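Each chain, written out:
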Amino acid sequence: MDLRVIGCHGGETPRHRTSAFLINDELTFDAGSLTSGLELAAQCRLEACLIGHAHLDHIRDLATIADNRCQNGCAPLVIAATKGTIQVLKKHFFNNLIWPDFSVIPTAQKPTIRYLELKPEKTAIVAGHRVRAIMVDHTIEGCAFIVEGTDGAVAYSGDTGPTQRLWVMLNEVPDLRALLLEVSYPNREQKLATVSGHHTPRTLGAEMKKYRTPKDLPTLLYHIKPTFQSEVERECAALRGVNLSVCRIGDHFVL
Ligand SMILES: [Zn+2]
Ligand SMILES: [Zn+2]
């Protein structure tokens with residue numbers, strides 16, 4: 001499985017991009033930086049975006065990629081998400097007010113985007129991969145994803161604080177090659193992390209103990225707030241019994 005980091009931060013500056021990860025050039029986890037981070041041809045090659053929740057830092061580039069793909073006559077882009085997330089996208093984003101409704105542009109028969117509702121924990125085939133959405137704990141409806149291909153599985157936590165069900169499911173995945181796991185704030189900002197449904201290195205360390213062999217699971221950290229980048233990295237580096245690395249823009253993993 002081929003995994004590219006397009007954007008991996010919990011905020012934006014000229015050196016930080018919001019969350020978007022590319023799997024096998026055809027499927028993405030979230031859409032925070034798809035157009036700022038991918039050339040037009042790569043944008044057009046995408047088949048589907050898995051959207052974990054509807055916060056702006058994860059969906060913003062759905063607007064610009066839809067526009068670009070429409071102009072280039074690309075095949076409909078599948079936006080796969082749970083029911084509540086799709087409802088928010090329809091009502092508050094592609095609503096013909098802040099952005100056109102690309103699910104009927106240029107025509108309803110051959111639209112620019114197509115919604116695919118994922119039922120929690122039910123396997124769906126998306127861009128040729130087996131995908132499951134697992135509900136997590138954030139401030140709005142949100143899910144993690146487990147993506148399985150012919151060559152193993154990769155998982156993405158989405159935005160979440162401490163959660164249970166995801167770890168039960170991850171423990172049952174036979175060939176889990178990597179987990180993309182969020183961490184946002186340093187330990188001294190625990191209150192802010194808790195009210196906003198995010199991890200600090202402390203809660204992340206406790207969370208990893210829910211996995212059967214944390215040392216054997218390559219865990220790729222993302223969603224660090226630019227303000228706290230070095231502090232969070234230092235605190236994560238002090239965690240023991242885990243296999244952590246911090247994602248960088250442009251990272252390419254062959255899993
Ligand atoms: Zn969020
Ligand atoms: Zn976020």
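Here we summarise the structure given alongside this text. (Residues numbered from 1 in each chain as written. Chains lettered and ligands numbered in written order. Predicted model: local features only at pLDDT ≥ 70, side-chain atom pairs only at ≥ 80, totals over all residues. Heavy atoms only, no water.)

**Let's talk about the state of the cysteines**
Okay, so step 1: As enumerated under the stated definition, the model contains one disulfide in all.
Okay, so step 2: Here Cys44 pairs with Cys74 through a disulfide, and the sulfurs are 1.7 Å apart. Linking Cys44 and Cys74, the disulfide has an S-S dihedral of approximately -70° and is accordingly described as left-handed. You can see Cys44 sitting in helix H2 (residues 40–45) and its partner Cys74 sitting in the loop between helix H3 (56–71) and strand S5 (77–81), a full 30 residues away along the chain.
Okay, so step 3: By relative accessible area, which is 29% here, Cys44 ends up partly exposed.
Okay, so step 4: By relative accessible area, which is 9% here, Cys74 ends up buried.
Okay, so step 5: Looking at Cys143, it has no disulfide partner, and the nearest cysteine sulfur is the one in Cys49, 13 Å off.
Okay, so step 6: By relative accessible area, Cys143 is classed as buried at 1%. (Disulfide = S-S within 2.5 Å. Helix = DSSP H or I, 4+ residues; strand = E, 2+ residues; numbered from the N terminus. Buried < 20%, exposed > 50% of the residue type's maximum accessible area, 1.4 Å probe, protein only.)

**Considering the pattern of salt bridges**
Okay, so step 1: One pass over the full model with this rule turns up eleven salt bridges.
Okay, so step 2: For Arg132, the salt bridge is made with Glu148, and the minimal N-O distance between the two is 3.4 Å. In this pair, Arg132 is assigned in strand S8 (residues 129–135) and Glu148 in strand S9 (residues 143–149), connecting sequence segments 16 residues apart. Per residue, the accessibility class of Arg132 equals that of Glu148, and both read buried.
Okay, so step 3: We note a salt bridge from Lys210 to Glu207, for which the minimum N-O separation is 2.8 Å. (Salt bridge = Lys/Arg side-chain N within 4 Å of Asp/Glu carboxyl O.)

**Examining helix H4 (residues 83–93)**
Okay, so step 1: Here H4 has its buried residues at Gly84, Thr85, Ile86, Leu89 and Phe93.
Okay, so step 2: Its buried side turned inward, H4 meets H3, S5 and strand S6 (113–117). (Contact = heavy atoms within 4.5 Å.)

**Overview of the sheet that holds S9**
Okay, so step 1: One open sheet accounts for seven strands, arranged S7-S8-S9-S10-S11-S12-S13; its pairing is mixed. Strands at the two margins of the open sheet, each flanked by one partner only, are strand S7 (124–126) and strand S13 (244–246). For this sheet the average axis-to-axis angle between neighbouring strands, irrespective of direction, equals 25°.
Okay, so step 2: As judged from the five bridges shared by S9 and strand S10 (residues 152–156), these two strands associate in the antiparallel manner. Bridge pairing in S10 links Gly149 to Gly152.
Okay, so step 3: Taken strand by strand, helix H7 (residues 201–208) contacts strand S11 (176–182), strand S12 (219–222) and S13, and its axis lies near 150° from that of S11. (Pairing = 2+ DSSP bridges. Axes fitted to C-alpha atoms, helices over the stretch in contact; angles between N-to-C directions.)

**With respect to unusual backbone geometry**
Okay, so step 1: Here Ile105 and Pro106 are connected by a cis peptide whose omega angle stands at 0°.
Okay, so step 2: Positionally, Pro106 belongs in the loop between H4 and S6.
Okay, so step 3: Despite not being glycine, Asn96 shows a phi value in the positive range, around 65°.
Okay, so step 4: Among the secondary structure elements, Asn96 is positioned in the loop between H4 and S6.
Okay, so step 5: With a relative accessible area of 53%, Asn96 lands in the exposed category.
Okay, so step 6: The residue Ala127 is not glycine, and still its phi comes out positive at about 45°.

**A short note on the coordination of the zinc ion (ligand 2)**
Okay, so step 1: Within the protein, the zinc ion (ligand 2) binds to Asp57 (OD), His58 (NE2), Asp159 (OD) and His223 (NE2); these donor distances fall in the range 2.1 to 2.2 Å.
Okay, so step 2: Here the zinc ion (ligand 2) is ringed by four donor atoms whose angles at the metal span 89 to 168°, and the overall shape comes out irregular.
Okay, so step 3: Between consecutive donors of the zinc ion (ligand 2), the numbers of intervening residues give the motif D-H-x100-D-x63-H.
Okay, so step 4: In this structure, the zinc ion (ligand 2) lies 3.6 Å away from the zinc ion (ligand 1), the two metals sharing Asp159 as a donor. Placement of the pair is His58 in helix H3 and His223 in the loop between S12 and helix H8 (229–237), with a sequence separation of 165 residues. The residues His58 and His223 share a single accessibility class, namely buried. (Donors = N, O, S within 2.8 Å, 3.2 Å for Na, K, Ca; no water. Tetrahedral: all angles 85-135°; square planar, octahedral: opposite > 155°, others 65-115°.)

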